[in-house]
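Coordinates in review
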Amino acid sequence: MVAVPVTAVSANWPDAIKAEIQQFKLGEGSLLVPVGEMEKALKSGKVAFSWSQLLSWTNPSLKTTQGNVTVELALKVVAPLFLAVSKLPAPKKKVEIDPNIPDMFVGKGAPAAAPAAESAPAAPAAPAAAPAPAPAVAPAAAPKPAPAPAPVPAPAPAKPAIAARTPAEAVQVAIKLPGVAGAVVASEDGLSVAAQVLPPLAGDKVAAFAPQLFQRTAQYAKDLGAGALEGLSFTCNGTAWRVSKCGKVYLAVVSQPQRALPLAELAQLERELSKM
């Protein structure tokens, strides 16, 4: 028998059948289908039986009022169950031997077993072979000289510290850094404190938008749960931008086309501006 869990196949069955499932307390049980009947149904491509037929296989004592209703068993459920049952090994039959069958090999008049042949005298042991001479030991090879240690490269010269005492000096330091095309220091209310940019950019316009860009993105990062915004970096038309808050001012830096910004040096410059 193939045991099919009721809950796995009855979700789309008629309500009247579901009511009888509760009445017969079959909700946590299984329906039994003969292996042969299941095999025929699977070969037809659709496994469906009448409700009365399923109950007769499962428990003949159950009486239904929905006997003519046909219910379908999902192929994806019953196919693996059928394969698992059909692969079980068939029970082996025990062969019974009739005790009245005479033994053809043991009986009266059978010749007696021949006496065991006397063992021949053992041959004399061969004389032990002379021990082979020990192989000559080759002299050990002389140890190879250790390779000379690789030369240690000289440490790279330390980069000079970046210092700036005023926003104007900070802008001059920024535009001299590799890859930087312009820099603007703006107040919290969007006024230009110091600026040097190339057309079509305008220092006043950059100063007006830089604080808003940073403040709005910082609020989005906070709402996102990402934490405090430390710096805002983005790329437009092949140029890189960085906007950062340095104490009471904002620093906006734009790169030369297709060049990267020197972030390590800019971080030093931002710390200097934060002290002002």
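Every value quoted in this text rests on a predicted model; they were computed, and no experiment measured them. (Residues numbered from 1 in each chain as written. Predicted model: local features only at pLDDT ≥ 70, side-chain atom pairs only at ≥ 80, totals over all residues. Heavy atoms only, no water.)

So, about the nonpolar core. In terms of nonpolar packing, the biggest core is built from 25 residues, with Trp-13, Leu-26, Met-38, Phe-49, Trp-51, Leu-54 and Leu-73 touching the most fellow members. Among the elements of the structure, strand E1 (2-5), helix H1 (6-9), helix H2 (15-23), strand E2 (30-33), helix H3 (35-44), helix H4 (51-58) and helix H5 (75-86) are those that each provide at least two residues to this core. The leading source of residues in this core is H4, at four residues. Those residues in contact with Trp-13, other than ones at most four positions away along the chain, are Lys-18, Ile-21, Leu-31, Trp-51, Val-71, Glu-72 and Leu-73. Ranked by size, the runner-up nonpolar core spans 20 residues in total, among them Ala-174, Val-249, Leu-266 and Leu-273. (Core = buried A, V, L, I, M, F, W, Y, C linked by side-chain atoms within 4.5 Å. Buried < 20%, exposed > 50% of the residue type's maximum accessible area, 1.4 Å probe, protein only. Helix = DSSP H or I, 4+ residues; strand = E, 2+ residues; numbered from the N terminus. Contact = heavy atoms within 4.5 Å.)

The next thing to look at is the pattern of salt bridges. Taken as a whole and judged by the stated rule, the model has five salt bridges. Ionic pairing is found between Glu-169 and Arg-165, a salt bridge with its closest N-O pair at 3.3 Å. Notably, a salt bridge pairs Glu-272 with Lys-275, separated by 3.5 Å at the nearest N-O pair. On the basis of relative accessibility, which here comes to 64%, the residue Lys-275 falls in the exposed class. (Salt bridge = Lys/Arg side-chain N within 4 Å of Asp/Glu carboxyl O.)

With 73% of its residues at a pLDDT of 70 or more, the protein chain shows a mean pLDDT of 80. Note on residues 107-120: pLDDT is under 50 here. Beyond four places in sequence and across chains, it has zero contacts. (pLDDT = per-residue confidence, 0-100.)

For strand E8 (residues 239-246), the tally of buried residues reaches seven of eight residues, placing the bulk of the element in the interior. Pairing geometry for strand E7 (residues 232-236) and E8, over five bridges, is antiparallel. Its bridge partner being in E8, Leu-232 is matched across the sheet by Val-243. Connecting E7 to the next strand, E8, in antiparallel fashion are two residues, including Asn-237 with a positive phi near 50°. Two elements, E8 and strand E9 (residues 249-255), share six bridges in a ladder whose sense is antiparallel. Following the sheet pairing, Val-243 is matched in E9 by Ala-252. Counting the residues between successive antiparallel strands, the hairpin from E8 to E9 contains two residues, one of them, Gly-247, with a positive phi of roughly 70°. (Pairing = 2+ DSSP bridges.)

Glancing now at the packing of aromatic side chains. The full count for this structure, using the stated rule, is four aromatic pairs. Their ring planes at 70° and their centres at 5.9 Å tell us that Trp-13 and Trp-51 sit as a pair that is edge-to-face. Taken as a pair, Trp-13 in the loop between H1 and H2 and Trp-51 in helix H4 lie far apart in primary sequence, 38 residues in all. (Phe/Tyr/Trp six-rings, centres within 6.5 Å; stacked < 30°, edge-to-face > 60°.)

With an omega of 10°, the peptide bond running from Pro-199 to Pro-200 counts as cis. Tracing the backbone shows Pro-200 in the loop between strand E6 (192-196) and helix H7 (203-224). Positioned with a positive phi, Lys-25 is a non-glycine residue whose angle comes to about 55°. Note on placement: Lys-25 falls in the loop between H2 and E2. At Gln-258, a position not held by glycine, the phi torsion is positive, near 60°.

Here H4 has its buried residues at Trp-51, Leu-54, Leu-55, Trp-57 and Thr-58. Along the axis of H4, the buried residues cluster in a sector spanning 160°; they form a single face. (Arc of directions from axis to C-beta.)

This brings us to helix H8 (residues 263-274). With twelve residues, H8 should cover 16 Å at 1.5 Å per step; its first-to-last C-alpha distance of 16 Å lies within 8% of that length. Buried-residue contacts for H8 involve helix H6 (167-175), strand E5 (180-187), E8 and E9. (Expected span 1.5 Å × (residues − 1).)

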